[in-house]
Amino acid sequence: MTKIWYNASAMKILGIETSCDETGASIVEDGVQIISNSLASSIAIQREWGGVVPERAAREQIKAMIPVICESVKNPRDIDAIAVTIGPGLIGSLLVGVETAKTLAYVWNKPIVPVNHLVGHIYGCWLNPTSITKNLELRTEKKNSDRNINSPEFSAVVLLVSGGHTELILMKDHGKFKLLGTTRDDAAGEAFDKTARLLGLSYPGGPAISAAAEKFTIYNLQFTIKLPRPMIDDDSFDFSFSGLKTAVLREVQKQKNLAGGFVTAMAYEIQESITDVLIKKTMRTVKQFLPKSLLVCGGVAANKKLREKFEEEMKNYSDIKLFFPPVEYCTDNAATIASAAFFNYSPIPWQKVNADPSLEIR
Ligand code: KG4
Ligand code: ZN
């Protein structure tokens, strides 16, 4: 009996995400429980080119979109609404998802909710980290009662760190955001990507730098590298990472060749520099606003060192809860988009849904 009530009352939203190089479709129930999640990435092509080539990304997404949706949606009757990323992002890529979502909304007669990709990243912090429940029959009353126990409370300070954005946000309620600070040049993820490239590491740079830094031992101390921590003591909540890239370039130019020991030492110091700045600025924000929750999200939130440093810092604030999305839902995916749509449910006619590559958070 419980099972029937549970399934009938829950709202299942299909999220569609194509803002950059990923093609994602995911069904999320009541904004927290991931029912299905499919993601196709053109990462092999991006690696070959050292980054995302917009036209190539969009072409791959056109091929992947329908198979990815078919993998996530077994029957259109399983979903109550469709959510789609409308921006920010690459226009060609966004159009693939937006036009597909509009077509499905029309053909399946479902409400459609436009979602800001950045807001989606934030709602990664609401996703239930337990594994995907593929079989509806397997879900139990216990899972239902578990949900939301650990959901963020408001107000929340948000650090959103991705390949294109580095933002400190005050979130007073669902959908109520105040931008406190942003990067004046490169984003944190971009800093990882660009410095990794200078070191000859693969794309995307964040995971590559993190893996290289893990090999750091005292033997690497022969390379005495000290990189700057840009704007770390600046009074504003803004960031700047382009100076770091220049500093890395200067160190690389001093080397005759990129020996493994040097790359390891450099990767370690880059990760320390970026994470030190992110931590110090965010903690200043936390001290000033004393929120109920701190949310750290976006691709860079997958970084292990960043997570460890935040856990350590937050030991001094036992009444403020710290949230990260599950690691695999930090980088772009469609579950975050479905979750954002649930908590900010405002469908509009499909004819009015349009891609907006320069959408901001507000
Ligand atoms: O959120 P995301 O998937 O895409 C954007 O919306 O930009 O973030 C991608 C960024 C890339 O710059 C990538 O290098 C970075 O997230 N990233 C990481 C890690 N995993 C991904 N940075 C540091 N450590 C990681 N483990
Ligand atoms: Zn993203």
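Residues numbered from 1 in each chain as written. Chains lettered and ligands numbered in written order. Predicted model: local features only at pLDDT ≥ 70, side-chain atom pairs only at ≥ 80, totals over all residues. Heavy atoms only, no water.

### Some details on the site of ligand 1
Taken together, 18 residues surround ligand 1, and among them His121, Gly163, Asp193, Gly206 and Asp332 come closest. Here an oxygen atom of ligand 1 and a backbone polar atom of Gly164 are 3.3 Å apart. Separating an oxygen atom of ligand 1 from a backbone N or O atom of Gly206 is a distance of 2.9 Å. Coverage of ligand 1 by the protein chains reaches 87% of its 550 Å² of free accessible surface. Taken atom by atom, the bulk of ligand 1 overlaps the largest pocket. Those elements that provide at least two residues to the shell around ligand 1 are helix H5 (117–123), helix H7 (188–198) and helix H8 (205–214). When grouped by side-chain class, the residues that make up the shell around ligand 1 number 5 nonpolar, 11 polar and 2 charged. Mapped onto the domain boundaries, the shell around ligand 1 takes at least three residues apiece from domain 1 (12–127 + 328–352) and domain 2 (156–323). (Near = heavy atom within 4 Å. Polar contact = N/O pair within 3.5 Å; in protein donor to acceptor, adjacent residues only side chain to side chain. Areas by Shrake-Rupley, 256 points an atom, 1.4 Å probe, with all protein chains shown as cover. 1 Å grid on protein atoms, 1.4 Å probe; cavity = no way out; pocket = protein on both sides within 12 Å on 5 of 7 lines; lining within 4 Å. Sits in = over half its atoms within 2 Å of the grid points. Helix = DSSP H or I, 4+ residues; strand = E, 2+ residues; numbered from the N terminus. Nonpolar A, V, L, I, M, F, W, Y, C, P; charged D, E, K, R; others polar. Domains from an automatic or database assignment.)

### Some points on the side chain of Asp332
With respect to the helices, strands and loops of the structure, Asp332 is situated in the loop between strand S10 (321–323) and helix H12 (335–343). Buried Asp332, no salt bridge; nearest opposite-charge side chain is Arg307, N-O distance 13 Å. A polar side-chain atom of Asp332 sits 3.0 Å from a polar atom in the side chain of His121. When sequence neighbours within four positions are dropped, the list of residues in contact with Asp332 reads Glu17, Ser19, Cys20, Glu22, Leu39, His117 and His121. (Buried < 20%, exposed > 50% of the residue type's maximum accessible area, 1.4 Å probe, protein only. Lys, Arg positive; Asp, Glu negative; His and termini not counted. Salt bridge = Lys/Arg side-chain N within 4 Å of Asp/Glu carboxyl O. Contact = heavy atoms within 4.5 Å.)

### Structural notes on the sheet that holds S10
Strand pairing in a sheet takes place through backbone hydrogen bonds and is either antiparallel or parallel in direction. Within the open sheet, the 5 strands sit side by side as S8-S7-S6-S9-S10. Their pairing is mixed. The open sheet is flanked by strand S8 (176–182) and S10, the only strands paired with a single partner. Across the sheet, the axes of successive neighbouring strands diverge by a mean angle of 20°, strand direction being ignored. For strand S9 (residues 293–297) and S10, the ladder comprises 3 bridges, and the chain directions are parallel. Bridge pairing in S10 places Leu294 opposite Leu322. The strands touched by helix H11 (residues 304–313) are strand S6 (156–161), S9 and S10; relative to S9, the strand with the most contacts, the crossing angle is about 170°. (Pairing = 2+ DSSP bridges. Axes fitted to C-alpha atoms, helices over the stretch in contact; angles between N-to-C directions.)

### A look at helix H4 (residues 91–108)
Two residues of an α-helix separated by three or four positions point the same way, owing to the 3.6 residues in each turn. With 18 residues, H4 should cover 26 Å at 1.5 Å per step; its first-to-last C-alpha distance of 25 Å lies within 8% of that length. Within H4, burial applies to Ser93, Leu94, Val96, Gly97, Val98, Thr100, Ala101, Lys102, Leu104 and Ala105. Turning to H4, the residues buried within the fold contact strand S1 (12–17), helix H3 (54–72), strand S4 (81–87) and strand S5 (112–116). In the stretch just after H4, Asn109 is the one whose phi turns positive, near 55°. (Expected span 1.5 Å × (residues − 1).)

### As for the pattern of salt bridges
In this structure the tally under the stated criterion is 18 salt bridges. The salt bridge partner of Arg229 is Glu269, with a shortest N-O separation of 2.6 Å. Of this pair, Arg229 sits in the loop between H8 and helix H9 (242–254) while Glu269 sits in helix H10 (residues 260–289); the two residues are 40 residues apart in sequence, bridging distant segments of the chain. The two residues Arg229 and Glu269 agree in class, both being buried. Between Asp276 and Lys309 there is a salt bridge, with the nearest N and O atoms lying 2.7 Å from each other. Of the two residues, Asp276 is situated in helix H10 and Lys309 in helix H11; the sequence distance between them amounts to 33 residues. With a relative accessible area of 25%, Asp276 lands in the partly exposed category. On the basis of relative accessibility, which here comes to 16%, the residue Lys309 falls in the buried class. Residues participating in the shared-partner salt-bridge network are Arg229, Glu269, Glu272, Asp276, Lys305 and Lys309.

### What to know about the domain arrangement of the chain
Each assigned domain of the chain is listed with its residue range as follows: domain 1 (12–127 + 328–352) and domain 2 (156–323). One C-alpha centre belongs to domain 1, the other to domain 2; they are set 27 Å apart. Taken together, the contact pairs 19 residues of domain 1 with 23 residues of domain 2. Summing both sides of the interface, domain 1 and domain 2 together bury roughly 1600 Å²; the carbon and sulfur share of this comes to 74%. For domain 1, the biggest contributors to the area lost against domain 2 are Ile122, Cys125 and Cys330; these three give 35% of the whole. For the interface between domain 1 and domain 2, the tally reads 0 salt bridges. Summed over the shared surface of domain 1 and domain 2, the result is 3 residue pairs in polar contact (both at pLDDT 80 or more). (Buried area = accessible area lost by both parts, 1.4 Å probe.)

### Re the packing of aromatic side chains
Per the counting criterion, the structure on display carries 9 aromatic pairs. Each ring, one from Phe237 and one from Phe289, has its centre 6.2 Å from the other, and the planes form 50°; the classification is tilted. Here Phe237, found in the loop between H8 and H9, pairs with Phe289, found in helix H10; they are 52 residues apart in sequence, far enough to count as distant. Judged by relative accessible area, which is 12%, Phe237 ranks as buried. Here the aromatic cluster, defined as three or more aromatic residues joined through ring pairs, consists of Tyr123, Trp126, Phe154, Phe342 and Phe343. (Phe/Tyr/Trp six-rings, centres within 6.5 Å; stacked < 30°, edge-to-face > 60°.)

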